[in-house]
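This is what each chain is made of:
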Amino acid sequence: MKIRVFVSLKDGVLDPQGKAVGHALETLGFKGLGEVRINRVVELDVPADNAADALAQGEAMARALLANEVIEDFSVEVAG
């Protein structure tokens, strides 16, 4: 079963990559941008027979490796 894990920085955590992208966009003529934040999406095909098991596996993977819970939030959804 396919799942998606969305990982983003928590509010208040500086995002230097987002700042660099925002600055680059402004130099390209995209004026008036607000805050730019960079997030990650990890797509996985997990061995699960139902959505609940797939979501549980995704949450376990996020807590173990995919997200740093000190500075990042994550959510998991079944894809498709």
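An unreviewed UniProt entry annotates the chain as Phosphoribosylformylglycinamidine synthase subunit PurS originating from Gluconobacter cerevisiae. Looking at the Pathway (unreviewed entry) heading of the UniProt record, one finds this comment for the chain: "Purine metabolism; IMP biosynthesis via de novo pathway; 5-amino-1-(5-phospho-D-ribosyl)imidazole from N(2)-formyl-N(1)-(5-phospho-D-ribosyl)glycinamide: step 1/2." UniProt's Subcellular location (unreviewed entry) comment on the chain is quoted here verbatim: "Cytoplasm".

Participant: Got a minute to help me understand the nonpolar core in this structure?
Facilitator: A general tendency of soluble globular proteins is for nonpolar side chains to be buried together. Grouped together as the largest cluster of nonpolar side chains are 11 residues: I3, V5, V7, V46, A48, A54, A62, L66, A67, F74 and V76. Mapped by element, the contributors of at least two residues to this core are β1 (2-9), α2 (51-66) and β3 (72-78). Sequence-distant contacts of A48, defined by excluding residues within four places in its chain, comprise M1, D53, A54 and Q57.

Participant: What is the right way to look at the pairing of β1 in this model?
Facilitator: Remember that side chains alternate between the two faces of the sheet whenever the strand is regular. With burial as the criterion, only one face of β1 is covered, namely that bearing I3, V5, V7 and L9; the residues K2, R4, F6 and S8 on the opposite face remain uncovered. As defined by bridge partners, β1 adjoins strand β2 (residues 40-45) across six bridges and the pair is classed as antiparallel. Within β2, the residue paired with R4 across the bridge is E43. Pairing of β1 with β3, which is carried by seven bridges, proceeds in the antiparallel orientation. Bridged to L9 within β3 is E72.

The rules behind the values
Residues numbered from 1 in each chain as written. Predicted model: local features only at pLDDT ≥ 70, side-chain atom pairs only at ≥ 80, totals over all residues. Heavy atoms only, no water. UniProt positions renumbered as here; feature names shortened; annotations may be inferred. Core = buried A, V, L, I, M, F, W, Y, C linked by side-chain atoms within 4.5 Å. Buried < 20%, exposed > 50% of the residue type's maximum accessible area, 1.4 Å probe, protein only. Helix = DSSP H or I, 4+ residues; strand = E, 2+ residues; numbered from the N terminus. Contact = heavy atoms within 4.5 Å. Pairing = 2+ DSSP bridges.

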